Amino acid sequence: MTRDQSTKIVLMMGSIYLCYSAYFLSADFENISEFMKFIMASLYLYHGISNSQSLRYCLDKISDFVEETERVNPHDLSLESLCLKQKLLWYTF
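A quick note: this is a predicted structure, and the numbers were derived from the prediction, not measured.

Trainee: Mind laying out the packing of aromatic side chains, listing which residues take part and the relevant values?
Mentor: Applying the stated criterion across every chain, the model contains 2 aromatic pairs. Seen in terms of ring centroids, Tyr20 and Phe24 are 6.1 Å apart; in terms of plane orientation they differ by 25°. Their pairing is stacked. You can see Tyr20 and its partner Phe24 sitting in helix H1 (residues 3–25), 4 residues apart, about one turn around the helix. Owing to a relative accessible area of 31%, Tyr20 belongs among the partly exposed residues under this scheme. The class of Phe24 is exposed, set by a relative accessible area of 58%. Seen from their ring centres, Tyr23 and Phe24 are 5.3 Å apart, and the 65° between their planes marks the pair as edge-to-face. One aromatic cluster is present, formed by Tyr20, Tyr23 and Phe24 through successive ring pairs.

In structure tokens, the structure reads:
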């Protein structure tokens, strides 16, 4: 995981935590509560998009590495585990 990715995750999870705190504090106020529901839904949408981009990036990197490894050393023992990881990521994508 790169530093940029970890920074993005920390900021996103911090903002989700703050939104939940604000949501529970504003439960008695209907207008603010509706606004906080919208903000939380937007954050989860952004989280889903960000997760999809990260999965796509990982799948591309694994595919490139598998192709290069098959070309250079076709009897490498890590190929089987990389192919399994690639299949598992495709199921989640």
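Trainee: Which residues make up the nonpolar core, and what values do they have?
Mentor: Of all hydrophobic cores here, the largest spans 7 residues; its members are Leu55, Leu59, Ile62, Val66, Leu79, Leu82 and Leu89. Sorting the residues of this core by element identifies helix H2 (30–72) and helix H3 (78–92) as the ones contributing at least two each. Those residues within four positions of Leu89 in sequence are excluded, and the remaining contacts are Leu55, Cys58, Leu59 and Ile62. In this structure, Met12, Met36, Met40 and Leu43 belong to the second largest nonpolar core, which totals 6 residues.

Trainee: Can you break down a negative patch on the surface residue by residue, with the values?
Mentor: Taken together, the side chains of Asp64, Glu67, Glu68 and Glu70 define an acidic patch exposed on the protein surface. Residue position: Asp64 is located in helix H2. Judged by its relative accessible area of 47%, Asp64 is partly exposed.

Calculation notes
Residues numbered from 1 in each chain as written. Predicted model: local features only at pLDDT ≥ 70, side-chain atom pairs only at ≥ 80, totals over all residues. Heavy atoms only, no water. Phe/Tyr/Trp six-rings, centres within 6.5 Å; stacked < 30°, edge-to-face > 60°. Helix = DSSP H or I, 4+ residues; strand = E, 2+ residues; numbered from the N terminus. Buried < 20%, exposed > 50% of the residue type's maximum accessible area, 1.4 Å probe, protein only. Core = buried A, V, L, I, M, F, W, Y, C linked by side-chain atoms within 4.5 Å. Contact = heavy atoms within 4.5 Å. Patch = residues over 30% accessible without salt bridge, like charges linked within 9 Å, V, L, I, M, F, W, Y side chains within 5 Å. Areas by Shrake-Rupley, 256 points an atom, 1.4 Å probe, with all protein chains shown as cover. Salt bridge = Lys/Arg side-chain N within 4 Å of Asp/Glu carboxyl O. Lys, Arg positive; Asp, Glu negative; His and termini not counted. Charge placed at Lys NZ, Arg CZ, Asp CG, Glu CD.

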